[in-house]
Amino acid sequence: MSQPELPRYAAPPGLRERVQAAVRREPARPRPSGRPSAWQTGVAAAAVVLMAAAGWFFIQRGVANGELAAIFDAHLRSLAPGHLADVASTDQHTVKPWFAGKLTFSPPVVDAAADGFPLVGGRVDVVDGREVAALVYSRRSHIINLFVRPLGGGERAVRPGAALRGYNVVRWSRDGMLFQAVSDLNPQELALFREVLTPK
Amino acid sequence: MLPHLDAAWNLARHLARNDHDAEDVVQESYLRALRYFDAFQGRNARGWLLAIVRHTAYTRRRRDPMAAITTEFNDELHSDTTGPAGPERDLERRETAGRVQRALDRLPPRFREVLVLRELEELTYEEIGRIVRVPIGTVMSRLSRARARFAQTLSEEGGGTP
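From a predicted model like this one, the values you see are computed outputs, not experimental measurements.

Rules of the game
- Residues numbered from 1 in each chain as written.
- Chains lettered and ligands numbered in written order.
- Predicted model: local features only at pLDDT ≥ 70, side-chain atom pairs only at ≥ 80, totals over all residues.
- Helix = DSSP H or I, 4+ residues; strand = E, 2+ residues; numbered from the N terminus.
- Buried ≥ 20, exposed ≤ 12 C-beta atoms within 10 Å, placed from the backbone.
- Contact = placed C-beta atoms within 7 Å.
- Nonpolar A, V, L, I, M, F, W, Y, C, P; charged D, E, K, R; others polar.
- Pairing = 2+ DSSP bridges.
- Core = buried A, V, L, I, M, F, W, Y, C linked by C-beta atoms within 7 Å.
- Domains from an automatic or database assignment.
- pLDDT = per-residue confidence, 0-100.
- Axes fitted to C-alpha atoms, helices over the stretch in contact; angles between N-to-C directions.
- Left-handed = near helix turned anticlockwise from the far one by under 90°.

The number of helices and strands found in chain B is eight helices and zero strands. Moving toward the C terminus, one meets the helices and strands of chain B in the order α-α-α-α-α-α-α-α. Here chain B holds 162 residues, and 33% of them are scored as buried. Of the contacts formed within chain B by residues at least 6 apart in sequence, a portion of 65% connects residues at least 24 apart.

Structure representation (structure tokens):
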């Protein structure tokens, strides 16, 4: 992508104060009579709640998005010639032991060939500064990278799905592990992939 | 005490294409946000606010024919990049930034807004679709057309100015 960076405008100095002043002036005016102060208090309280929620939402989202972007990058990287798999095998009993000694956790490896998602291989990758197991599956001519890592303390699986530049991601967690599958496969089949890997 | 002011300003400035109108849009948007706070369902404050900013920017354009004229005039202003001369590299960078800016300003608003929301605000297709009020498929196709148009306009800009 050689697209140049788009300019982002920073709010000019004094804007915040001017808008705030306008906002403060506003509510008093259209109120004909009654108890404007109570109404204003209500608005102020609501605004505080909104901002706290927005701030929290923002932070949560920021964290999740950093890793999400890294996942897309890792997926694209893996598609470069010779980068897909360090252990190329369709046998889960070859792939799983291969990870031992390379990672501090043991990712569950399932071959889903019977359901149309044959295992291609695996590799160790670094995503967003963390070591992850990358399991590679295929579906017709599509490649699926399944990134597996242990969930951190207090971490929850956020935002089950996302899309970026034609690629889709589904996320789920199970037994303390976070699973993130990314592919150019359509969202429906990617959801099916998740179901196949997480039998009830 | 104003959430998402930077995001609101960025979108307003890109749509209005000058500081003065952008400030009016932002101010009006926050007043509306406060007034219609009841309608907010509490899921995505930034998306909700950006939808208001967008709506405000477009209704202002329709309401005020002078605004459209001023904007056209400012377009011409934009293409004049004589600024304070600095070291050559600095100048070059500023020229590139100016070129990018002019190319972006020249795009139709429907392309400009999806590029800004996607590339700068990093919203998801779904969030953009809700703000612009089109289905996700339309967001995707519009984005790719916007990128193509932008690249084309940019290369024209590059050939035209020294």
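The helix and strand inventory of chain A stands at four helices and seven strands. Taking all 200 residues of chain A together, 22% fall into the buried category. Excluding contacts between residues fewer than 6 apart, the proportion of contacts in chain A whose partners are at least 24 apart in sequence is 49%.

Across the boundary between the two partners, chain B contributes 33 residues, which contact 26 residues of chain A. Of all the secondary structure elements, the ones that give two or more residues to the side of chain B that touches chain A are α1 (5-16), α2 (19-35), α3 (45-63), α5 (88-106), α6 (109-120) and α8 (136-160) of chain B. Broken down by element, the residue count for the side of chain B that touches chain A peaks at seven residues, all from α2(B). Of the residues contributing to the side of chain B that touches chain A, the split by class is 18 nonpolar, seven polar and eight charged.

Residue and element names in this part refer to chain A. For strand β5 (residues 161-164) and strand β6 (residues 167-174), the ladder comprises four bridges, and the chain directions are antiparallel. Bridging from a neighbouring strand, alanine 162 pairs with valine 169 of β6. Where β5 folds back onto β6 in an antiparallel hairpin, the turn is made up of two residues, including arginine 165, whose phi is positive at roughly 45 degrees.

In this section: the nonpolar core. Counting residues in each nonpolar core, the largest one holds 35 residues, and the members touching the most others are B:Ala8, B:Leu11, B:Ala12, B:Val26 and B:Val53. At the level of secondary structure, the elements contributing two or more residues to this core comprise α1 (15-25) of chain A together with α1, α2, α3, α5, α6, α7 (125-132) and α8 of chain B. At seven residues, the largest contribution of residues to this core is made by α1(B). Among the domains, domain 1 (1-78) and domain 2 (86-162) of chain B are the pair contributing at least three residues each to this core. Residue contacts for B:Val53: discarding those within four places in its chain leaves B:Ala8, B:Leu11, B:Ala12, B:Val25, B:Val26 and B:Ser29. Membership of the second largest hydrophobic core comes to 30 residues, among which are A:Phe99, A:Tyr137, A:Phe179 and A:Val182.

Right, let's get into the confidence of the model for chain A. In the predicted model, chain A carries a mean pLDDT of 79, and the fraction of residues at 70 or more is 82%. The low-confidence segment residues 28-34 of chain A (pLDDT under 50) makes three contacts with residues lying over four places distant or belonging to another chain.

Before going further, it helps to spend a moment on the pairing of strand β7 (residues 177-183) of chain A. All names here are of chain A. Of all seven residues that make up β7, six are buried, and the element is covered over most of its length. Where strand β4 (residues 142-150) meets β7, seven bridges bridge the pair, whose relative direction is antiparallel. Paired with leucine 146 across the two strands is alanine 181, which belongs to β7. Here β6 runs beside β7; their pairing, made up of seven bridges, is antiparallel. Considered in β7, the bridge of asparagine 168 is made with serine 183. Once β6 ends, the chain turns through two residues before running back antiparallel as β7, passing aspartate 175 with a positive phi of about 50 degrees.

This paragraph deals with the sheet that holds β5(A). Residues and elements named next belong to chain A. Overall, antiparallel pairing links the seven strands, which are arranged β1-β2-β3-β4-β7-β6-β5 in an open sheet. Looking at the sheet topology across the chains shown, the edges are occupied by β1 (87-88) and β5. Sitting on the sheet, helix α3 (residues 92-99) touches β1, β2 (119-127) and β3 (130-139), and the angle it makes with β2 is about 20 degrees. In the packing of helix α4 (residues 187-197) onto the sheet, contacts are made with β3, β4, β5, β6 and β7, and the angle to β6 comes to roughly 20 degrees.

Turning to unusual backbone geometry, a few remarks are in order. Phi angles above zero are rare outside glycine, and A:Asp128 is one such case at about 55 degrees. Position of A:Asp128 among the secondary structure elements: in the loop between β2 and β3. Residue classification places A:Asp128 among the partly exposed residues on the basis of 16 C-beta atoms within 10 Å. Even without a glycine there, the phi angle at B:Arg133 is positive, about 65 degrees.

All names here are of chain B. Two numbers describe how α6 lies on α7: the axes approach to 10 Å, and their chain directions differ by 140 degrees. For α6 against α7, the interelement crossing comes out right-handed. Taken together, the residues of α7 that come into contact with α6 (itself represented by Glu113, Val114, Leu117 and Arg118) are Ile128, Ile131 and Val132. Taken together, the residues that form the contact of α6 with α7 break down as five nonpolar, no polar and two charged.

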